[in-house]
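Chains, contacts and geometry: an overview
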Amino acid sequence: MSFVLEKVTAREILDSRGNPTIEIEAFTSDDQMARASVPSGASTGSREAVERRDGDKKRFGGKGVRDAVNSVNTEICGAVKGTDVREQRQLDNLLLALDGTENKSRLGANAILGVSLAAARLAAQNTRQSLWRYLGGLQANLLPVPCMNIINGGVHARGQGADFQEFMIAPHGAPTLAEAVRQGNEVYQALRLLLLEKNLSTAVGDEGGFAPSVSSNREPLEFIVHAIEKAGYRPGEDISICIDPASSEFYRDGRYHLHSEGSALSAQEMTDYYAGLMDDFPIVLLEDGLAEDDWAGWKYLYQQLGSRAELVGDDLFVTNVKYIRRGIEEELASAALIKLNQIGTLSETLDAVALCHQYGWGTFMSHRSGETTDTFIADLTVALRAGHLKTGAPCRGERVEKYNQLMRIEQSLGNNAHYAGFQTFVHRG
């Protein structure tokens, strides 16, 4: 079995929002092949690695990726030929050097990441191992709590409804991942019936959650608690709530503008607002509670709420060790969101997770709103013992396939499988 990379090829495919993205196939010298596709975000941090788009308004409204595809098929293919797919860091460093920019803007993070992931999958395949076992070794047996985005707001609901982008449920009281998926699905279906009873829309947003028109950011939380109870579970004991306001999206001129409620709050007032929500609802995780450039606000947020919930930085840290290290040193949060395409290579993602775990931080693995059916993040979550994963509602094929892959992994582990449960949300304040 050969481990020598012979060539990489790329094509333009469509993601779950109907936008173009890139798919990579990597081949060894004995014609073994593995494939990977790259997702795309809707609400993105300004410090993220750059996704290369063509800008040709005559094709896909400028969102085509033919230039990134061409980079893979020519320059990248020539550079990586002859490398060993088992030497992931060596390959990724070669790609970084080839690009030569800090933010991967020349070749594009989408092109670079696709090659990085396809090579890793090819290495696993040719060592006759599952991807999660290849990346994680024998210690890869922790199944994550699935944090399901069952109500979409903000840009994920195309500006209709709540200001907050994601209202998630975390079935942490389940005995297994498979049971957690079942419980989450039952709450999702109960929520659908509740919304229908209120004559509210059950159309779904980008991540499969419902996107009803509501008058506040509290109303979705009330619906979710009711749905948990209607499904036969105990809010806060069996199933809790995680929220991702994506607050950079409604932060302007030093204030947080909650349009659904007609208010504009300072960082301190926004923190008090979250504290009130935590008083009234079983919230165990708050992601991007404040904006990506509000460093002083984050420090206050952590001082006030760090002992009450896991505080996760997404746009603040963008899966980058430089910013995660600053967060650790300044005590700004207790966890980092981990998105492969924010940073652009598998090796850099592994470094971000390792730094978090070194200092006792949580790692919250995440999809993007523009997804494909690629299940790499499901395997990676188990491999890195991340403990919790968000990949949307139990609805839409590109979301459900990640949950299905986790259930396959759990079944293959048998008695060695361990479900993360509530301990993944242990507060670090």
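Located above this text is the structure these notes cover.
To start, this report covers the structure provided alongside it. Please read all numbers here as calculations on a predicted model, not as lab measurements. Per chain, the residues get numbers from 1 upward, laid out in the order the sequence is written. It should be noted that, the model being predicted, local features are given only for residues of pLDDT at least 70 and side-chain atom pairs only at 80 or more, the latter also being counted only at that level, while totals for whole chains, interfaces and linings use all residues. Excluding hydrogens and water, the side-chain figures rest on all heavy atoms present in the structure.

**Some thoughts on the side chain of Glu25**
A run of H or I in DSSP counts as a helix once it spans at least four residues, and a run of E counts as a strand once it spans at least two, with each numbered from the N terminus. Within the secondary structure, Glu25 is located in strand 2 (residues 20-28). Only protein chains enter the accessibility calculation, which uses a 1.4 Å probe; a residue is then buried when its area is under 20% of its type maximum, exposed when over 50%, and partly exposed in between. Taking relative accessible area as the criterion, Glu25 reaches 8% and is therefore assigned buried. Residues adjacent in sequence count toward polar contacts only when both atoms are side-chain atoms; beyond that, a polar contact is any pair of N or O atoms within 3.5 Å, and within protein one must be able to donate a hydrogen and the other to accept it. One polar contact links Glu25 to Arg11, side chain to side chain, over a distance of 3.0 Å. Sequence-distant contacts of Glu25, that is, excluding residues within four places in its chain, are made with Lys7, Val8, Thr9, Arg11, Met33, Ala34 and Arg35. Working rule for contacts: check all heavy atoms of both residues, and any pair within 4.5 Å makes them a contact.

**Description of the packing of aromatic side chains**
Aromatic pairing here means that ring centres of Phe, Tyr or Trp (its six-membered ring) are within 6.5 Å. Orientation follows from the plane angle: under 30 degrees is stacked, over 60 is edge-to-face, and everything else is tilted. Within this structure, the stated rule accounts for 9 aromatic pairs. Seen from their ring centres, Tyr188 and Phe210 are 4.5 Å apart, and the 10° between their planes marks the pair as stacked. Pair noted here: Tyr188 is in helix 5 (residues 177-197) and Phe210 is in the loop between helix 5 and helix 6 (219-230), with a separation of 22 residues, a long-range link. Tyr188 sits in the buried class, given a relative accessible area of 4%. Classification of Phe210 as buried rests on a relative accessible area of 2%.

**Considerations on the nonpolar core**
Most often, soluble globular proteins keep nonpolar side chains buried together rather than apart. With 135 residues, the main nonpolar core has Val8, Phe164 and Met270 as its most contacted residues. In terms of residue count, helix 3 (residues 109-126) provides more of this core than any other element does, 11 residues in total. Start and end points for every domain follow an automatic or database-based domain assignment. Split by domain, the residues of this core number at least three in each of domain 1 (4-128) and domain 2 (136-424). To define a nonpolar core, start from buried Ala, Val, Leu, Ile, Met, Phe, Trp, Tyr and Cys residues and group those joined through side-chain atoms within 4.5 Å.

**Examining unusual backbone geometry**
The phi angle at Lys104 is positive, at roughly 65°, despite the residue not being glycine. Along the chain, Lys104 turns up in the loop between helix 2 (88-99) and helix 3. Classification of Lys104 by relative accessible area gives buried; the value is 3%. Its identity as a non-glycine residue notwithstanding, Asp253 has a phi of 55°, on the positive side.

**What about the sheet that holds strand 6 (residues 166-170)?**
Strand order in this closed barrel of 8 strands is 5-6-7-11-12-13-14-15, and the pairing throughout is mixed. Neighbour-to-neighbour, the strand axes of the sheet open up by a mean angle of 30°, direction not taken into account. For strand 5 (residues 145-152) and strand 6, the ladder comprises 4 bridges, and the chain directions are antiparallel. The residue bridging Asn152 from the neighbouring strand is Glu166, located in strand 6. The strands that helix 5 touches are strand 5 and strand 6; relative to strand 5, the one it contacts most, it runs at about 15°. By the convention used here, strands pair only if DSSP detects at least 2 bridges between them. Only C-alpha atoms enter the line fits that serve as axes; for helices the fit covers just the stretch in contact. Angles between N-to-C directions range over 0 to 180 degrees.

**Some words on the environment of Phe223**
Within the secondary structure layout, Phe223 lies in helix 6. The exposure class assigned to Phe223 is buried, which follows from its relative accessible area of 9%. Contact partners of Phe223, with chain neighbours within four places excluded, come to Ile151, Leu191, Leu194, Leu195, Lys198, Leu200 and Val214.

**Regarding the pairing of strand 2**
Burial of strand 2 is extensive: 9 of the 9 residues sit out of reach of the surface. Side chains Pro20, Ile22, Ile24, Ala26 and Thr28 of strand 2 all project onto a buried face; the interleaved residues Thr21, Glu23, Glu25 and Phe27 project onto the opposite face, where all are buried too. Looking at chain direction, strand 1 (residues 5-14) and strand 2 are connected through 9 bridges and run antiparallel. Bridge pairing links Ala10 to Ile24 in strand 2. Two successive antiparallel strands, strand 1 and strand 2, enclose a turn made up of 5 residues, where Gly18 displays a positive phi of approximately 80°. Relative to strand 3 (residues 33-37), strand 2 is paired through 5 bridges, and the arrangement is antiparallel. Bridging from a neighbouring strand, Glu25 pairs with Arg35 of strand 3. In sequence, strand 2 turns back onto strand 3 through a hairpin of 4 residues, with Asp31 there showing a positive phi of about 70°.

**A short note on the packing of helix 2 against helix 3**
Two numbers describe how helix 2 lies on helix 3: the axes approach to 10 Å, and their chain directions differ by 165°. Considered as vectors, helix 2 and helix 3 are oriented roughly antiparallel to each other. Crossing hand, helix 2 versus helix 3: right-handed. For the pair formed by helix 2 and helix 3, the contact residues are Gln88, Leu91, Asp92, Leu95 and Asp99 on the first element and Ile112, Val115, Ser116, Ala119 and Ala120 on the second. The cut-offs work like this: below 35 degrees is roughly parallel, past 145 is roughly antiparallel, 65 to 115 is roughly perpendicular, and the gaps in between are oblique. A clockwise turn of the near helix away from the far one marks a right-handed crossing, whereas an anticlockwise turn of less than a right angle marks a left-handed crossing.

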